[in-house]
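As a plain string of letters, each chain reads:
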Amino acid sequence: MASVKLPSAPGPIGVFDSGYGGLTILKELRNTLPEYDYLYLGDNARAPYGTRSFEIIYQYTREAVSYLFLHGCHLIILACNTASAKALRNIQQKDLPLLDSSRRVLGVIRPTAECVGNISKTRHIGILATTGTINSNSYNLEINKLYPDIHVEGHACPMWATLVENFELENEGTNYFVRKDINILMSKDKNIDTIILGCTHYPLLLPLIRKHTPQGVNIVPQGQYIASSLKNYLLRHPEMAEKCTKNGSCNYLTTENSLIFDRSACRFMEHSVLSQHIELTEYNTICDY
Ligand code: DGL
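To start, this report covers the structure provided alongside it. (Residues numbered from 1 in each chain as written. Predicted model: local features only at pLDDT ≥ 70, side-chain atom pairs only at ≥ 80, totals over all residues. Heavy atoms only, no water.)

1. Re the site of the ligand
1) Next: Neighbouring residues of the ligand: 13 residues in total, closest Ser18, Tyr49, Gly50, Thr82 and His201.
2) Next: Within the backbone of Gly50, one N or O atom sits 2.8 Å away from an oxygen atom of the ligand.
3) Next: At 2.6 Å, a side-chain N or O of Thr82 approaches an oxygen atom of the ligand.
4) Next: Protein contacts shield 100% of the accessible area of the ligand, which totals 300 Å² for the unbound molecule.
5) Next: Among the detected pockets, the ligand sits in the largest cavity.
6) Next: Residue composition of the shell around the ligand, grouped by class: five nonpolar, seven polar and one charged. (Near = heavy atom within 4 Å. Polar contact = N/O pair within 3.5 Å; in protein donor to acceptor, adjacent residues only side chain to side chain. Areas by Shrake-Rupley, 256 points an atom, 1.4 Å probe, with all protein chains shown as cover. 1 Å grid on protein atoms, 1.4 Å probe; cavity = no way out; pocket = protein on both sides within 12 Å on 5 of 7 lines; lining within 4 Å. Sits in = over half its atoms within 2 Å of the grid points. Nonpolar A, V, L, I, M, F, W, Y, C, P; charged D, E, K, R; others polar.)

Here is the structure:
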């Protein structure tokens, strides 16, 4: 990558996820920061990432980050907890200094962890996330760094992202898995008063999640917290804000068939979506500096 010249002109904010989940973040980013341009990349062809190994998630995420940098982004949001848990640290510490130390890649776990301290009264929090995110312990570590008094209990929901990727949002099978996983989490700790949806795919299941969550338990989707955290970041970093173009546009890239992506994405975004199909594998070599 060191030998490849990245475009220096200002560009859109890159938003990356394994698939459709990052759209839940993108929607909130556009509500909060509508003036910016966005370039969304969903690696739908290889989703879900949740049960994949560290090496594979890191490799896929690097490919996506390289692609977005090469297509003009200076700032990328990993709108994916699994990638934030498994790849972000290496990308920030090992890759960025070699690629271009002025560019930034930000994750979603830290800003979500920051918000929970003000929400939970019992100081018992539950996390629902992919197997990769739960096994990484990232939420426990981030939350306890900030709020040592909070008890964090996690539960992995390996089926949920797959159901969302297939847009099976309300059928009987989905209902079964959502009820089962929420019951397991709640049975681990009866004092939980706040559940973090620690996977950006999960807000698409909100009607079922609400149905099966005991009354009085807060459900925390991440979008609004990521959006206000990014707003804050851009205010604190005017030099980065200047490198992000502001025409209010949004473009979509997918590694899947673009017609399939458009059909599902427009149902969620509530406006028509015209994506472009891309291949990420060719960027493998570019990453191998
Ligand atoms: N949406 C992603 C997350 O927040 C990944 C889901 C998956 O691909 O398994 O973790």
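2. Some thoughts on the layout of surface pockets
1) Next: Its boundaries defined by the atoms lining it, the largest pocket holds a volume of some 760 Å³.
2) Next: If you list the elements that add at least two residues to the lining of the largest pocket, you get α3 (81-86), α4 (88-99), β4 (104-106), α5 (109-116), α7 (138-146) and α11 (223-236).
3) Next: For the lining of the largest pocket, the element with the most residues is α11, which contributes seven residues. (Points joined across faces, edges and corners; volume = space filled by probe spheres on them. Helix = DSSP H or I, 4+ residues; strand = E, 2+ residues; numbered from the N terminus.)

3. With respect to unusual backbone geometry
1) Next: Note that the residue after Ala47, namely Pro48, is joined by a cis bond; omega there is 0°.
2) Next: Tracing the backbone shows Pro48 in the loop between β2 (38-42) and α2 (54-70).
3) Next: Even without glycine at this site, Arg123 takes up a positive phi of about 65°.
4) Next: You can see Arg123 is positioned in the loop between α5 and β5 (124-129).
5) Next: Phi is positive for Phe167, close to 55°, though the residue is something other than glycine.
6) Next: Structurally, Phe167 can be placed in the loop between α8 (160-165) and α9 (172-188).

4. Comments concerning empty space enclosed by the protein
1) Next: Throughout the structure, instances matching the rule amount to two cavities of 30 Å³ or more.
2) Next: The computed volume of the largest cavity comes to approximately 70 Å³.
3) Next: As for the largest cavity, its lining consists of 13 residues, of which Ser18, Thr82, Thr130, Cys199 and His201 are closest to the centre.
4) Next: Among the residues forming the lining of the largest cavity, the class breakdown is five nonpolar, seven polar and one charged.

5. Considering the pairing of strand β9 (residues 250-254)
1) Next: Judged by how many residues are buried, β9 sits mostly within the fold: four of five residues are covered.
2) Next: In this sheet, β9 lies alongside β2 in parallel orientation, the contact comprising five bridges. When the bridges of β9 are listed, Leu39 appears paired with Asn251.
3) Next: Bridging between β9 and strand β10 (residues 276-277) involves two bridges; their strand directions are parallel. Across the sheet, residue Leu253 finds its bridge partner in β10, namely Gln276.
4) Next: Where the polypeptide runs from β9 across helix α13 (residues 258-269) and back to β10, its parallel neighbour, the crossover connection is right-handed. (Buried < 20%, exposed > 50% of the residue type's maximum accessible area, 1.4 Å probe, protein only. Pairing = 2+ DSSP bridges. Right-handed = clockwise from strand over helix to strand, strands pointing away.)

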